[in-house]
Amino acid sequence: QVQLVESGGGLVQAGGSLRLSCVASGTFFSINAMCWYRQSPGKQRELVAVKISCGSTNYEDSAKGRFTISRYNAKNTVYLQMSSLNPEDTAVYYCNAVLSVVRGSPLYNHWGQGTQVTVSS
């Protein structure tokens, strides 16, 4: 069984910074990509940042230049460093891992439980 556990959310003033962490644990063969999504009330969940195993990254437009995704492969951990936060960044942030459980098995999405980020104006 695979578990993703996020931490680092909280309340911050506009212009501030937060760093989110997500650790993947359990039994699996390899992680293809780790991502951060977010969901605000009344909105669909959206991809914020993705880090692929080959090293490439991609960001949602509003996150570019403000957020940085990084990954510590040896500890199956992904981080999201967020700076210049504004109230529009308020959301529940979810960690996602695309991984294979055993060698040659299909890739599946796994989700964390989410961590709340609230940015006050």
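Peer 1: Sorry if this is basic, but what is going on with the environment of His110 here?
Peer 2: Along the chain, His110 turns up in strand β10 (residues 108-111). Taking the C-alpha atoms as reference points, His110 and Arg45, 65 residues apart in sequence, are found 15 Å from one another. If we ignore the near neighbours within four places in the chain, the residues touching His110 are Val2, Leu4, Cys95, Asn96, Ala97 and Leu99.

Peer 1: Help me understand the state of the cysteines in this model?
Peer 2: Working definition of a disulfide: a covalent bond connecting the sulfur atoms of two cysteines. Applying the stated criterion across every chain, the model contains 1 disulfide. The disulfide bridge from Cys22 ends at Cys95, spanning 2.1 Å between sulfur atoms. Disulfide Cys22-Cys95: the torsion about the S-S bond is -80 degrees, which places it as left-handed. Here Cys22 is found in strand β3 (residues 18-26), whereas its partner Cys95 is found in strand β9 (residues 91-100), with 73 residues between them in sequence. With respect to class, Cys22 is no different from Cys95; both count as buried. Left unpaired, Cys35 is separated from the closest cysteine sulfur, that of Cys95, by 8.1 Å. Residue classification places Cys35 among the buried positions, given a relative accessible area of 5%.

Peer 1: Please explain the nonpolar core as it appears in this structure.
Peer 2: If you look at the biggest cluster of nonpolar residues, it comprises 28 residues, and the most contacted ones within it are Met34, Trp36, Val48, Phe67, Leu80, Met82 and Tyr93. Looking at this core, the elements that each hand over two or more residues are β1 (2-7), β3, β4 (30-39), β5 (46-52), β7 (67-72), β8 (77-82), β9 and β11 (115-120). Beyond its immediate chain neighbours, meaning those up to four positions away, Leu80 contacts Leu18, Arg19, Leu20, Trp36, Val48, Ala49, Phe67, Thr68, Ile69 and Tyr93.

Peer 1: Is there a simple way to explain the packing of aromatic side chains in this structure?
Peer 2: Given two aromatic rings, their pairing is described by the distance between the two centres and the angle made by the two planes. For the structure shown, the criterion picks out 1 aromatic pair. Lying over the aromatic face of Trp111, Arg45 brings its terminal NZ or CZ to 4.7 Å of the ring centre.

Peer 1: Hey, could you run me through the sheet that holds β3 in this one?
Peer 2: Two pairing modes exist for strands in a sheet, parallel and antiparallel, and in both the strands are linked by backbone hydrogen bonds. Pairing within the open sheet is antiparallel, and its 4 strands lie in the order β1-β3-β8-β7. The open sheet has two free edges, formed respectively by β1 and β7, since each of these has just one partner strand. The mean angle between the axes of side-by-side strands here comes to 15 degrees, regardless of whether they run parallel or antiparallel. Of the pairings in the sheet, the one linking β3 to β8 comprises 6 bridges and is antiparallel in character. Across the sheet, Arg19 pairs through a bridge with Gln81, a residue of β8.

Scoring rules and cut-offs
- Residues numbered from 1 in each chain as written.
- Predicted model: local features only at pLDDT ≥ 70, side-chain atom pairs only at ≥ 80, totals over all residues.
- Heavy atoms only, no water.
- Helix = DSSP H or I, 4+ residues; strand = E, 2+ residues; numbered from the N terminus.
- Contact = heavy atoms within 4.5 Å.
- Disulfide = S-S within 2.5 Å.
- Buried < 20%, exposed > 50% of the residue type's maximum accessible area, 1.4 Å probe, protein only.
- Core = buried A, V, L, I, M, F, W, Y, C linked by side-chain atoms within 4.5 Å.
- Phe/Tyr/Trp six-rings, centres within 6.5 Å; stacked < 30°, edge-to-face > 60°.
- Lys NZ or Arg CZ within 6 Å of the ring centre and 35° of its normal.
- Pairing = 2+ DSSP bridges.
- Axes fitted to C-alpha atoms, helices over the stretch in contact; angles between N-to-C directions.

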